[in-house]
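As a plain string of letters, each chain reads:
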Amino acid sequence: MKEELHAILKQAEEDLKRAQTFFDLNNLKSRFVGKKSVINQFMKRLGSLSPEERPAFGKQINDVKTKIESIIKATEERINSKLYEQSVKAASFDYTMPARPSEIGSLHPISIIQHQIEDVMISMGFQVAEGFDVEDEFHNFDALNTPKDHPARNLADTFFIEKDVLLRTQTSTVQIRVMENYKPPLKIISPGRCYRNDKFDQTHSPVFHQLEALVVDENISFKDLKETLNHFAVRMFGTSCKTRFRPHFFPFTEPSAEMDVSCFNCGGKGCSTCKNSGWIEIAGAGMVDPNVFDAIGIDSEKYTGFAFGCGIDRITMQKFCIPDIRFLFENDLRFLRQFNNFSDYNINR
Ligand code: DAH
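Quick look at the structure, then. In this text, all values refer to a predicted model and were calculated from it rather than measured experimentally.

**Describing the environment of aspartate 198**
- As for its placement among the helices and strands, aspartate 198 is situated in the loop between strand E5 (186–195) and strand E6 (207–217).
- Classification of aspartate 198 as partly exposed rests on a relative accessible area of 27%.
- Sequence separation between aspartate 198 and arginine 31 is 167 residues; the distance between their C-alpha atoms is 77 Å.

Right, here's the structure in full:
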């Protein structure tokens, strides 16, 4: 009986130590010292003992009961003070305090400039067309009059996913997608990501952004191309911006040209931004090569067209004086937060 009593005391000590709430405590109370408790069973067993044995065992039972009761009391105090602490903590929370402002993201500088270019072009009657980042050789090269042995088609320049599946190297692919699906007259722009197998350096990134423009109609001439690009340059870079066209070669335009704008850093005098030339190249352009029309079944006798493509990252860097293209792709918040104040609506609208 003595050992049994000892075991009960031990058990009560352990269980009460674990009690966290008054619910736990009440359960343990009735289990150890209540009416139907184990201790009461012992009391009942006293009757079966001889009158000599009774007082000693009665005392032992009472001792254990008293000990358990004092542990119960201590446990009650412990739970009470824990609840008190919790309520003090809850009361010290000021529900009337204004909420911490949540940080709202802002436009990436590339998006700011892209939207600005789109605005300028839409105001001239262009519609925005979307293409695919993943393309096939027909849309990226063949239909754009780029011969099979052209160096751009090789693995060192183009990311191939598998045979005939690649990441587009230029937004000119969208010219083909649009001409396949719609009949002239066409007047579209298409901004988007392009990919080339270039290593990151100050002016190169394997992912970059272009904006393509295409106009197809009867009687479209080189003059329309020049006027459109001149207007685009003035709207983007201000009325003092001068432009010049240099002959160039692109497989999908004939004749082809590159357009430079007078350096907006030095105004054309020469500085490090324009490498002392006074000019900055911003677009490739030209009259759509009749071979391109033939590849997709547009009547090249009836229709002519012009196209141009400009690098959005390059224009973004120039406009915001960003010295290294990598800033545009690293997503460093210290850099991006500097553009918090530029919404779509506050630049050159
Ligand atoms: N796709 C050319 C490039 O990535 C840029 C370009 C040049 C686009 C002439 C055109 C164009 O539409 O007519 O270098």
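Following the structure, the description resumes.
**Some words on the pattern of salt bridges**
- Scanning the entire structure with this criterion turns up 17 salt bridges.
- The residue aspartate 142 makes a salt bridge to arginine 153 at a minimum N-O spacing of 2.8 Å. Here arginine 153 lies in the loop between helix H6 (137–140) and strand E3 (160–162) and aspartate 142 lies in the loop between H6 and E3, a separation of eleven residues in the sequence.
- The class of aspartate 142 is partly exposed, set by a relative accessible area of 28%.

**Observations regarding the sheet that holds strand E10 (residues 304–311)**
- The sheet built from seven strands is open, its strands ordered E1-E5-E6-E10-E9-E8-E7 with mixed pairing. Edge positions in the sheet fall to strand E1 (127–128) and strand E7 (243–250), since each of these pairs with one other strand and no more.
- Inspection of the sheet shows E1 paired to E5 by two bridges, in the parallel sense. Looking at the pairing, glutamine 127 lines up with isoleucine 188 of E5.
- Helix-sheet contacts for helix H8 (residues 222–237) involve E7, strand E8 (253–262), strand E9 (279–288) and E10, and the interaxial angle to E10 is about 30°.

**Focus: the nonpolar core**
- In this structure, Ile117, Met121, Phe232, Ile282 and Ile315 are the most contacted members of the largest nonpolar core, which totals 44 residues.
- Among the elements of the structure, helix H5 (109–123), E6, H8, E8, E9, E10, helix H10 (312–320) and helix H12 (333–336) are those that each provide at least two residues to this core.
- Residues Phe250, Val288, Ile296 and Ile298 belong to the second largest nonpolar core, which totals 20 residues.

**Thoughts on the pairing of E10**
- Across the eight residues that make up E10, a large majority, six, are buried.
- Strand direction decides the pairing type here: E6 and E10, joined by eight bridges, are antiparallel. Looking at the pairing, leucine 214 lines up with alanine 307 of E10.
- Bridge count for E9 against E10 is five bridges, and the pairing is antiparallel. The residue of E10 that forms the bridge with glycine 284 is glycine 309.

**A look at the environment of isoleucine 322**
- Along the chain, the position of isoleucine 322 falls in the loop between H10 and helix H11 (327–330).
- Residue classification places isoleucine 322 among the buried residues on the basis of a relative accessible area of 7%.
- Placed 13 residues apart in sequence, isoleucine 322 and phenylalanine 335 show a C-alpha to C-alpha distance of 10.0 Å.
- If we ignore the near neighbours within four places in the chain, the residues touching isoleucine 322 are Thr316, Met317, Phe327, Leu328, Phe335 and Phe339.

**Let's talk about the site of the ligand**
- Near the ligand there are 15 residues, and of these Gln170, Ser172, Arg196, Gln210 and Glu212 occur at the shortest range.
- Glutamine 210 places a polar side-chain atom, nitrogen or oxygen, 2.7 Å from an oxygen atom of the ligand.
- Between the ligand and the protein, one listed contact pairs an oxygen atom with a backbone N or O atom of alanine 307 at 3.0 Å.
- Listing elements by their share of the shell around the ligand, those giving two or more residues are E6, E9 and E10.
- Each residue belonging to the shell around the ligand can be placed in one class, and the counts come to five nonpolar, eight polar and two charged.

Procedures and definitions
Residues numbered from 1 in each chain as written. Predicted model: local features only at pLDDT ≥ 70, side-chain atom pairs only at ≥ 80, totals over all residues. Heavy atoms only, no water. Helix = DSSP H or I, 4+ residues; strand = E, 2+ residues; numbered from the N terminus. Buried < 20%, exposed > 50% of the residue type's maximum accessible area, 1.4 Å probe, protein only. Salt bridge = Lys/Arg side-chain N within 4 Å of Asp/Glu carboxyl O. Pairing = 2+ DSSP bridges. Contact = heavy atoms within 4.5 Å. Axes fitted to C-alpha atoms, helices over the stretch in contact; angles between N-to-C directions. Core = buried A, V, L, I, M, F, W, Y, C linked by side-chain atoms within 4.5 Å. Near = heavy atom within 4 Å. Polar contact = N/O pair within 3.5 Å; in protein donor to acceptor, adjacent residues only side chain to side chain. Nonpolar A, V, L, I, M, F, W, Y, C, P; charged D, E, K, R; others polar.

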